[in-house]
Amino acid sequence: MELLGLYHYWVFVVLLMIGFYAVVAKVNLIKKLIGISLFQAAVFLLYITMGKVDGGTAPIFSGDGATVFSNPLPQVLILTAIVVGISTTALGLGIVVRVKEEYGSIEEHEIQEIDER
Amino acid sequence: MTVVFGIFLLTLLVITAAAIVRTQNLFVAVMLLGIFSLLIAVNFFILDAADVALTEAAVGAGISTVLFLGALALTSERERLGTRHRWLSLSVVASAALVVLYATFDKPRFGDPSAPVHQHVAPWYLENTPAYIDIPNVVTAVLGSFRGYDTLGEVFVVFTAGIGVLFLLSVRRGGAAPGGTGAPGTPGIGLREHVIPRVVGRLLVPFILLFGLYVQFHGEYGPGGGFQAGALIAAGFILYALVEGEERTLAALPQSWLLALMVGGALLYGAVGLAGIVLGSTFLDYSVLGANPVSGQQIGIILIEAGVGMTVTGVLLAIFHAFASRGRA
């Protein structure tokens, strides 16, 4: 049970590293952006996990006598971060589309070859 | 029971993520990413973060999937060369993983109420929200009032990203660009010739919009607020565009309105902040806006949430149209 308490963090590490691997190892620019999205989602999961309190409920006073609430602060940070995340991902996708139009490719090494020519 | 379910969901997340990275077909990867978002939203929900779950479901599973698909339509659906420097990358990632894993052993156990994160300002927010703001949803109170500066910053980041996408994709296509990607003669988006998706989609749209408005205006009492509502309303219009075609959506909600929403929302937020100064207090202090400090706070939160909702709707829809119209050109 002691180690079970760390399971969430291990999942966070694994997801983070899967995203990281996609960013460093994949050549395709869209795949890299997908990797960044995974990386980002892992961080979201870490924050929300830390905010959870045993026996707590969502931090909304609903008048049913709940007295233990999970931490609202990480939720606020992540709530806004999700919307900011999609906006910045869209910006990245916009850049990829322009790269495709200019270079005819979204594979990193092909773009580098064209640049060196 | 919840613990077992949570562990099951987390394991599914890892499997999905691995599948996303492994597949060479980007279309499959994007679809799996949508499933991943939905799974992580359920996870957020069982971790007591209802507001975050709502946002993630609308943004991650809905809008992000559509935007990725839009980008795929403009580029290509397959990775030509999967991986380079596989072993070097694997060893870098593995060593980073070991460092972070080592760090997790110092972390407080899951759900521990005495963890440092619960000792700082969070108890203060939980205790004082009823006295200062008197709305049930503490997340909205922190987002709108206690941390109003942060949220203002986030709104401007969203706004800036929207402007950036518009700049990038409104450039006229250069004639020298090698390889126009959209195959010639591809019909614009829209399922007008498919009866069932069209009828079902048309039926769903009004309810999605209504739910979006409910989430917007009920954000003080239940899970909700401007960010979620903006994403939901944008998702409703995007669904309409998918079943009826982009032009009809633009006829219903023209581009100039979208720009007005983007700018107007950010300006409204800033104006509420300035109103605090004008009425003799500090920037973003809503206490002076009403007859008494508590009702002032409530008015302020409703106004800034409206601003957030407007900007998020405007930006997400403007980004969608930027991708979609690029496909038509």
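Residues numbered from 1 in each chain as written. Chains lettered and ligands numbered in written order. Predicted model: local features only at pLDDT ≥ 70, side-chain atom pairs only at ≥ 80, totals over all residues.

Peer 1: Explain the confidence of the model for chain A residue by residue, including any values.
Peer 2: For chain A, the mean per-residue pLDDT works out to 90, and 97% of the residues sit at or above 70. Put simply, helix 4 (residues 108-116) of chain A is where chain A has its lowest mean pLDDT, 89, and helix 2 (residues 29-51) of chain A is where it has its highest, 94. (pLDDT = per-residue confidence, 0-100. Helix = DSSP H or I, 4+ residues; strand = E, 2+ residues; numbered from the N terminus.)

Peer 1: For the environment of V43(A), give the residues involved together with the corresponding values.
Peer 2: You can see V43(A) is positioned in helix 2. The spatial distance from the C-alpha of V43(A) to the C-alpha of E113(A) is 34 Å, given a sequence separation of 70 residues.

Peer 1: Residues and numbers for helix 9 (residues 226-244) of chain B, please.
Peer 2: Residues and elements named next belong to chain B. Over its 19 residues, helix 9 runs 26 Å from end to end, which matches the ideal 27 Å to within 8%, given 1.5 Å per residue. The buried fraction of helix 9 amounts to 19 of the 19 residues, a majority that puts the element mostly inside the structure. With its phi angle positive at about 100°, G245 sits one or two positions after the end of helix 9. (Expected span 1.5 Å × (residues − 1). Buried ≥ 20, exposed ≤ 12 C-beta atoms within 10 Å, placed from the backbone.)

Peer 1: I'd like to hear about the domain arrangement of chain B, residue by residue, with values.
Peer 2: All names here are of chain B. Domain boundaries in chain B define domain 1 (1-79) and domain 2 (134-170 + 188-329). Domain 1 and domain 2 are separated by 23 Å when their C-alpha centres are compared. Counting residues at the interface gives 14 residues for domain 1, matched by 18 residues for domain 2. Among the residues making up the side of domain 1 that touches domain 2, the classes are represented as ten nonpolar, three polar and one charged. (Domains from an automatic or database assignment. Contact = placed C-beta atoms within 7 Å. Nonpolar A, V, L, I, M, F, W, Y, C, P; charged D, E, K, R; others polar.)

Peer 1: So, unusual backbone geometry: which residues are in play, and what are the values?
Peer 2: Residues and elements named next belong to chain B. The backbone of D48 sits at a positive phi, close to 75°, despite the residue not being glycine. Tracing the chain through its elements places D48 in the loop between helix 2 (26-46) and helix 3 (50-74). At D134, a residue that is not glycine, the phi angle is positive and equals roughly 60°. As for its placement among the helices and strands, D134 is situated in the loop between helix 5 (122-132) and helix 6 (138-146). For D134, a count of 14 C-beta atoms within 10 Å translates into the label partly exposed.

Peer 1: Tell me about the interface of chain B and chain A, and name the residues and values.
Peer 2: At the interface, 89 residues of chain B touch 74 residues of chain A. In terms of residue count, the dominant contributor to the side of chain B that touches chain A is helix 3 of chain B (13 residues). Class assignment of the residues belonging to the side of chain B that touches chain A gives a composition of 58 nonpolar, 18 polar and 13 charged.

Peer 1: Tell me about helix 1 (residues 2-22) of chain B, residues and numbers included.
Peer 2: Since there are 3.6 residues in each turn of an α-helix, residues three or four apart along the chain are aligned in direction. Residue and element names in this part refer to chain B. Helix length check: helix 1 (21 residues) gives 30 Å between terminal C-alpha atoms against 30 Å at 1.5 Å per residue, within 8%. Listed as buried for helix 1 are G6, L10, L13, T16, A17, I20 and V21. An end-on view of helix 1 places all buried positions within 130° of arc, on one side of the element. Turned more than 90 degrees off the buried face of helix 1, the exposed positions are V4, F5 and F8. (Arc of directions from axis to C-beta.)

Peer 1: Outline the environment of A61(B), supporting the account with residue identities and numerical values.
Peer 2: Residues and elements named next belong to chain B. Following the sequence through the fold, A61 ends up in helix 3. Residues A61 and M1, spaced 60 residues apart in sequence, show a C-alpha to C-alpha distance of 26 Å. Filtering out sequence-adjacent residues up to four positions away, A61 remains in contact with G34, S37, L38 and A41.

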